[in-house]
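# Summary of the model geometry
In case you want the letters, here they are:
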Amino acid sequence: MRVPVVVAARDVRMTYQIGSTRVEALRGISLDVSAGEFLLLMGPSGSGKTTLLSILGGILTPTSGAVVACGTELTRLRRGALARFRLLNIGFVFQGFNLFSALTAAENVQLALGLKGDKVDARDKACELLEEVGLGEKCERLPADLSAGEKQRVAIARALAGQPRLIMADEPTASLDSDNGKHVTMMMRRLAKSHGCSVLTVTHDPRIMEVADRVLHIEDGALRG
Ligand SMILES: Nc1ncnc2c1ncn2[C@@H]1O[C@H](COP(=O)(O)OP(=O)(O)O)[C@@H](O)[C@H]1O
Ligand SMILES: [Mg+2]
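Summary of the structure given here. (Residues numbered from 1 in each chain as written. Chains lettered and ligands numbered in written order. Predicted model: local features only at pLDDT ≥ 70, side-chain atom pairs only at ≥ 80, totals over all residues.)

### A short note on the pairing of strand S4 (residues 64-69)
One ladder, built from five bridges, connects strand S1 (residues 5-18) with S4; its direction is antiparallel. Looking at S4, one finds that Val-7 is bridged to Ala-69. Note: S4 against strand S5 (residues 72-73), two bridges, orientation antiparallel. Note that in S5 the partner of Val-68 across the bridge is Glu-73. The hairpin turn running from S4 into S5, its antiparallel successor, is two residues long, and Cys-70 in that turn takes a positive phi close to 50°. (Pairing = 2+ DSSP bridges. Helix = DSSP H or I, 4+ residues; strand = E, 2+ residues; numbered from the N terminus.)

### Let's talk about the packing of helix H4 (residues 122-132) against helix H5 (residues 148-161)
Where H4 contacts H5, the axes come no closer than 9 Å and their chain directions differ by 130°. The pairing of H4 with H5 is recorded here as oblique in orientation. Judged by the sense of rotation from one axis to the other, the crossing of H4 with H5 is right-handed. Seen from H4, the contacting residues are Leu-129, Leu-130 and Glu-132; seen from H5, they are Ala-157, Leu-160 and Ala-161. Looking at the contact of H4 with H5, its residues break down into five nonpolar, no polar and one charged. (Axes fitted to C-alpha atoms, helices over the stretch in contact; angles between N-to-C directions. Parallel < 35°, antiparallel > 145°, perpendicular 65-115°, else oblique. Left-handed = near helix turned anticlockwise from the far one by under 90°. Contact = placed C-beta atoms within 7 Å. Nonpolar A, V, L, I, M, F, W, Y, C, P; charged D, E, K, R; others polar.)

### Observations concerning the site of ligand 1
Around ligand 1 lies a shell formed by Tyr-16, Ile-18, Val-23, Ala-25, Gly-43, Ser-45, Gly-46, Ser-47, Gly-48, Lys-49, Thr-50 and Thr-51. For the shell around ligand 1, the elements supplying multiple residues, two or more each, are S1, strand S2 (21-34) and helix H1 (49-56). With three residues, the single largest contributor to the shell around ligand 1 is H1. For the shell around ligand 1, the residue count by class is four nonpolar, seven polar and one charged. (Near = placed C-beta within 6 Å.)

### Examining the environment of Val-68
Among the secondary structure elements, Val-68 is positioned in strand S4. Overall, Val-68 belongs to the partly exposed group, with 17 C-beta atoms counted inside 10 Å. For the pair Val-68 and Pro-143, spaced 75 residues apart in sequence, the C-alpha separation works out to 35 Å. Look past the residues within four positions of Val-68 in its chain and what remains in contact with it is Ala-8 and Glu-73. (Buried ≥ 20, exposed ≤ 12 C-beta atoms within 10 Å, placed from the backbone.)

### Brief notes about the sheet that holds S1
Ordered by their spatial adjacency, four strands build an open sheet running S2-S1-S4-S5, and the pairing between neighbours is antiparallel. Each having just a single partner strand, S2 and S5 make up the two edges of the open sheet. Packed onto the sheet, H1 meets S1, S2 and S4 and runs at close to 125° relative to S1.

### Looking at unusual backbone geometry
In this structure, Phe-97 takes a positive phi of about 70° despite not being glycine. By secondary structure assignment, the location of Phe-97 is in the loop between strand S6 (90-94) and helix H3 (105-115). Phe-97 gets classed as buried once you count the C-beta atoms within 10 Å, which come to 21. At Gln-163, a residue that is not glycine, the phi angle is positive and equals roughly 50°. With respect to the helices and strands, the residue Gln-163 is situated in the loop between H5 and strand S7 (166-170).

### As for the pairing of S2
Relative to S2, S1 runs antiparallel, the two being bridged by 11 bridges. Note that in S2 the partner of Ile-18 across the bridge is Thr-21. Where S1 folds back onto S2 in an antiparallel hairpin, the turn is made up of two residues, including Gly-19, whose phi is positive at roughly 60°.

Dropping the structure here:
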């Protein structure tokens, strides 16, 4: 049986223009992400990883090329429709966690549930998700009272809250030591498989390669190999 494709990119190009300077960040990227796939994207700093993740996740619109995610051609959507699409289909995890510092772990997750209009039982659901990432006892803590690894686990619980089809994780382990980095990655993989969503993650950590279903290498805005 053929595995469905969750995101397809075709000849995606991205040029940033700042004043008279042009940067060709992506030079014709084509790829398919299959349902349930845990995909790793590796490449040197400045090679276009964040740009690619942002385009595939509907944060940025490419200069040319097409992106079809969850059956929708993102490159044809206007800004508002794109934002709605993201909310419904994509979870994001960033290097800097991006948690609200005045909200508890549970409230950070709850917010993501609330945004999707799923207010009923949002609190219970938030605590359930935090339990899944091993933070059941720390639901009421503020981010400042959590370790870096724990903060990233809150961010993962939040990303899963909307039951996304796809999770984009941009260097999610870069602020963690290697043990925590590996732990968080394994957890993302396990959760993605149990929630049935695909993950596209950027990392520099070669040890994390072992847990990926597939590794893509990007250099100078092009996929290698
Ligand atoms: N908003 C931007 N404006 C101008 N240039 C950018 C912008 N974002 C990224 N770039 C440039 O595009 C290239 C790819 O950047 P990026 O996608 O952030 O790479 P990576 O995540 O692999 O470090 C780099 O040369 C970077 O300087
Ligand atoms: Mg980057």
